[in-house]
Each structure stands twice: as C-alpha cells, then as structure tokens.
Amino acid sequence: MAGSPISRRTVLSYSVGIAAATYAGLAAKQRMELARAAGPGGAAPRAELPAPRVLSSADGELRVALTARPGIVDMGAPRLVRTYTYNNVVPGYTWEVRGGDTLKVHLRNRLPPARDPVMAMDRPHAWTTTNLHTHGLHVSPAGNADNVFLAVPPGEEHHLEIPLPRDHPGGIFWYHPHCHGAVTQQLRAGMAGALIVRGAIDEVEEVAAAREHVMVLQSIELGDDYQLLDPIPEPTAAQSFFPRTNVLYTVNGVLTPTLRMYPGEVQRWRLLNAAEGKFMSLQLKRHDFHVLAWDGLTLPAPDATDVLMLSAGNRAEVLIRAGRPGRYDLVLTPGSSQRPDIPGMPAAGSPARRPQAMATMPGFPAVAGELDPRTIATVEVAGHGRAMGLPTGLPAFDPPILPIARRREFAFTVQRTAGHEFLNFGVDGVPFDPARPPYRPVLGTAEEWTLTNAFDPKLMEHAHVFHVHTNPFKITKRNGTALSPPLWRDTYVLTKSAGDSITFESNFVDYPGKFVEHCHVVSHEDLGMMSSIEVIPPDESSQR
Ligand SMILES: [Cu+2]
C-alpha cells in the first residue's frame, strides 16, 4: 500500500534530512534502487485512499509510542520520499479518544542531531528538536500535558499525560510538533496526524450511518530527489525561508487516491489541512460539501457550500452525498500567505488601505506551478445501495461567553531594517521571546481581542492565520463589522489586506498555565510571529 514504509535495512542505509549534496554522493546503484518504476512521465498509479492506522483508547486511556524519525515513504511519486516521520509513516497514525480519557504519549526523538549551532529565536534553529502539541484540544498547557515549551532533543525521550475533560467536544483535532524554530521543518516533512474525539456529533443518526474517511491533506516540501532539505544554518534574511524545489500535495500520504461511493450514498469526510503554511481551497465537481463542523466545533445545522477553504491548521467535517454515476475530481487550489486569493477566501477589506506593493518578502523562489489548481483525489460513483439522508439539526458547540473582563488589541507585524530589508516576523513589532511578559488573562473570565494585519505601505499584501492554544474563540467581527452568525474556530485567516482585523471573544476556563498564540503559517511563527499567554488564577490577578 502506498504511504507505507519500506524495509528497515533500506532505511538505515540513508541519513535523511542531510543536504542534497549527501544524496548526490550515493553510488549510482543505490540511487537506482531508490527510483521507482513509475512509467513514462512519472505518472502515479491510482491507489485507493489509504486510511492511517487508528489507535483507539480503551479503559479510559490511549497509550501511544510516538517516535520522530527519518523514514523512506512511498507517496506514489516518481521516487520514494526521504523525510522525517512519526513511526516511519506519513501522516502519523490517527488517535481516537473520548471525553474523560487520558492520552499517554511516550515521545521518542530519533531524528539526527542538527548541525546548526545558532539559536536565534527568529530564525530556523534546532530543527530536529521536537515536542508535541494537540492542536484544538481543550486540555492543560502545563507540566507534561499540551506544553509547547517542552523541548525533546535528538536522542532523548519524554512521557506526556494529557487528560481530556469529560465534556470535551467531539470532532477532529490533530497533533504535530511545536518546538519554536523547528515547526516548519517537521510539519513540511509530514510529521502530523489526526486526533479524533468521539462525542455528541457521532450520535446523530445520519452522521453515524455515513461511512467515514479521515483525510489528512499535506504539502510535503522536498528537493529534486524527493528528499527533505535542511534549512540553511546561520541564514541571511533571504535564506531564512525554507528551501524546496518540489511540493507534493498528498491525501493520507499519497498522490491522487480514489474514493468510491454509490449514487445517493452519504459519506463523512473529516478534512485536515496539515500543511506548513498553504491555504487549501477544495471543490468536488457537481457536489456540495455539507459542513458539520469547523475545527472540531459543531455547527447548529449542516452548512452547504460548493467550495471549502481551509487555512493551514483548519479542519472541516463534511457530509458528501454522491450524485449520478461517474468520476469526479476533488480539485485543490492552493494559496500561500503572499498569494492567498483562492476560492472561498473571505473578502479582504477596504482597497483604500492597500499598500503600493513596493517590496515583496524574501524567500526561496516558489516551485514552478506550486499554486496551480490540481486534482488531489477522484471520487468514483458507481453501483447501488440504499439512499441516505442528511441531518437537519446538529448538537452545536456554542457555550455562553463569560462577562468580558478585558479588551486587548494586537497586531501581526513584519520587522524591517531602515533600508526596508526583511528582518523577522513578530507580534506588535516584537519577535517571539520566551522571556517577554505574556498577556495574563484571569482564569474564569472572558476577554475580547482584536487582531490586525499591520499596515506596512512598503510591503506587498500577505495573509496570516491566527491560532491560539487551549481555548477556542468566537469571531464576532471582521474589520469592525459584526458577523451573523459569529464563527467558532481555533484557527482563522487574517485576510491579506493590510489593516484588516478580526475581533473575537474567548473564555479562559478550566486551565491555568502558559501557552501561545501565533501565526499558523508556521514559517512565520518560526521567524518570530508568536507570543505567550499565561492564564492566572484569580488570586494572582493583581499581578497582571
Ligand atoms: Cu503569518
């Protein structure tokens, strides 16, 4: 099956993640062994959609042995892919739990030692050091739980215990590394997996009846020989972005798989955009997506749309009802922070505020055609079975917002030299510094925050993606205009127009401790666009 590992002996023959020069030094015979018999033009064989292996909780816990390691993976590309993996597969296994369960993860780091001695906080650094974030879970950010301030260097291991509250919403969440300076490298390598929480949504009759597919969408960034390239040590500003010459858009680790449905069948697709920073706009010809939930947070009723736009980090759960027999392409239109204009992107703000596009961001040249629309899967509709229905109502996630204790305004910013050369990304003009005093909301209160895409008349427009750990948020306004209805999310795009804003409310409940908010274009995060939050108990609130 595609996406599966090849033999351990072959894996041990290569040191993955070392620069291309190492690979070029391999004997020609070894290179031949790596090349797949892919037919003229490298056309990929059409595989059935593989499903990542599912690890399910039992007796109130899910024990996972999670090993970050180099691996050689068959993605259906012209060559085997040499990259970083979890447990030698891409994506990682799907974890399945229920509210009240405890996730017990033994994380081993078997990635190679990094060669970069520099520890600049606004440059890629220590990119084979890892840790674990459970994106979207409402769990403790402290101690050995969902704590992104932990660091597990190569050769070391760490035991994590993450208890879920009994009333945790059911939905699709995900896990990925979150060690600042290393996130992009490991995420673009493919180190990510789906994390399913079973709950009320699974009890809805029409949802329960639907065949379910977890679909992990990734953008695997590679070099000419389908190998992960290292970041450049001690980079200049232009070199601080991440080298690549080849991008693979995979579904569950393979190119262009096939799904099968019969006319009138309803399937449940649980989609995750696990790319480093790509936006993903999806369309399925002659079919609507009936959206049940965004970011694992269930809507009051299915929301039908013919285009589904997922920012990096977003999840969408949808029902699809198959139409007439035929073959239908699932078309992906990718976007990037500098080219985010894809179908389904929220409208940008006032043109009057748009800058002159005088300067672009530095970076490695985009791979030719990497943002072109392409088919990433096909749906074969054939055969027959009983007609299936769509639900009319759903168990919505819509907790009341506590009284607003404080309002904050902040901005995602780009720092530049006096000569306008790119320096780094930041929040309110400051790149991430773990020692910087965090925002300090008080446990048991709510706050309203407004985040602005800072106006810079010298910089080409670009989009960001806001994500905050531990608590989801309710977006009430875009550019000061009320949204009806408001949107519950844990990840949301800040449209490209300089000066655009989102306003949202969030409850700080259940968990004191320190965590982060950041741009989920994680290359921006690694280059500084992140800041800390510390939720403090009420009796310490005089200190904020
Ligand atoms: Cu950003």
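Structure's up top.
Residues numbered from 1 in each chain as written. Predicted model: local features only at pLDDT ≥ 70, side-chain atom pairs only at ≥ 80, totals over all residues. Heavy atoms only, no water.

### Regarding the side chain of arginine 198
When you line up the elements, arginine 198 lands in strand β9 (residues 193-198). Residue classification places arginine 198 among the buried residues on the basis of a relative accessible area of 16%. Polar side-chain contacts of arginine 198 include one of 2.8 Å to the side chain of glutamate 212. If we ignore the near neighbours within four places in the chain, the residues touching arginine 198 are Glu96, Val97, Arg98, Gly99, Gly170, Glu212, Arg268 and Arg270. (Helix = DSSP H or I, 4+ residues; strand = E, 2+ residues; numbered from the N terminus. Buried < 20%, exposed > 50% of the residue type's maximum accessible area, 1.4 Å probe, protein only. Polar contact = N/O pair within 3.5 Å; in protein donor to acceptor, adjacent residues only side chain to side chain. Contact = heavy atoms within 4.5 Å.)

### Some thoughts on the coordination of the copper ion
The protein atoms that coordinate the copper ion are His464 (ND1), Cys519 (SG) and His524 (ND1), at distances of 2.0 to 2.1 Å. Going along the chain, you hit the donors of the copper ion in the pattern H-x54-C-x4-H. Linking histidine 464 in strand β24 (residues 464-468) with histidine 524 in helix α6 (residues 522-526), this pair joins segments that are 60 residues apart in sequence. Here histidine 464 matches histidine 524 in class, with each residue buried. (Donors = N, O, S within 2.8 Å, 3.2 Å for Na, K, Ca; no water.)

### Some details on the layout of surface pockets
Quantified by volume, the largest pocket comes out at close to 670 Å³. In terms of lining residues, the largest pocket is bounded by 27 residues, among which Trp294, Leu299, Asp303, Leu487 and Arg489 are the most central. Secondary-structure elements contributing two or more residues to the lining of the largest pocket are β15 (289-294), β16 (297-305), β17 (308-310), β25 (473-478), β26 (481-489) and β27 (491-494). The biggest single contributor to the lining of the largest pocket is β16, with 6 residues. Of the residues assigned to the lining of the largest pocket, the class counts are 17 nonpolar, 5 polar and 5 charged. (1 Å grid on protein atoms, 1.4 Å probe; cavity = no way out; pocket = protein on both sides within 12 Å on 5 of 7 lines; lining within 4 Å. Points joined across faces, edges and corners; volume = space filled by probe spheres on them. Nonpolar A, V, L, I, M, F, W, Y, C, P; charged D, E, K, R; others polar.)

### Details of the sheet that holds β25
Judged by pairing direction, the sheet is mixed, and its 6 strands sit side by side in the order β22-β21-β23-β28-β25-β26 without closing on themselves. Each having just a single partner strand, β22 (422-427) and β26 make up the two edges of the open sheet. Direction aside, neighbouring strands of the sheet carry axes that sit 20° apart on average. (Pairing = 2+ DSSP bridges. Axes fitted to C-alpha atoms, helices over the stretch in contact; angles between N-to-C directions.)

### Focus: the environment of alanine 405
Turning to its location among the elements, alanine 405 is positioned in strand β21 (residues 404-416). Between the alpha carbons of alanine 405 and glutamate 448 there is a distance of 8.2 Å; along the sequence they are 43 residues apart. Sequence-distant contacts of alanine 405, that is, excluding residues within four places in its chain, are made with Thr445 and Ala446.

### Structural notes on the sheet that holds β15
Strand order in the open sheet made by the 6 strands is β11-β10-β13-β18-β15-β16, with mixed pairing throughout. In this open sheet, the two edge strands, each paired with only one partner strand, are β11 (246-251) and β16. Taken over all neighbouring pairs, the strand axes of this sheet differ in orientation by 20° on average, direction set aside. In this sheet, strand β13 (residues 266-273) lies alongside strand β10 (residues 211-222) in parallel orientation, the contact comprising 7 bridges. Note that in β13 the partner of histidine 213 across the bridge is tryptophan 269.

### What about the pattern of salt bridges?
Taken as a whole and judged by the stated rule, the model has 25 salt bridges. Lysine 278 is paired through a salt bridge with glutamate 221; the nearest N and O atoms lie 4.0 Å apart. Note that lysine 278 is positioned in the loop between β13 and β14 (279-284) and glutamate 221 in strand β10, a separation of 57 residues in sequence. A relative accessible area of 2% places glutamate 221 in the buried class. Where lysine 278 meets glutamate 370, a salt bridge forms, and the shortest distance between an N and an O atom there is 3.5 Å. Here glutamate 370 lies in the loop between β19 (326-335) and β20 (374-381) and lysine 278 lies in the loop between β13 and β14, a separation of 92 residues in the sequence. Given the relative accessible area of 5%, glutamate 370 is considered buried. Each of Glu96, Arg198, Asp202, Glu212, Arg268, Arg270 and Glu317 takes part in a single network of salt bridges with overlapping partners. (Salt bridge = Lys/Arg side-chain N within 4 Å of Asp/Glu carboxyl O.)

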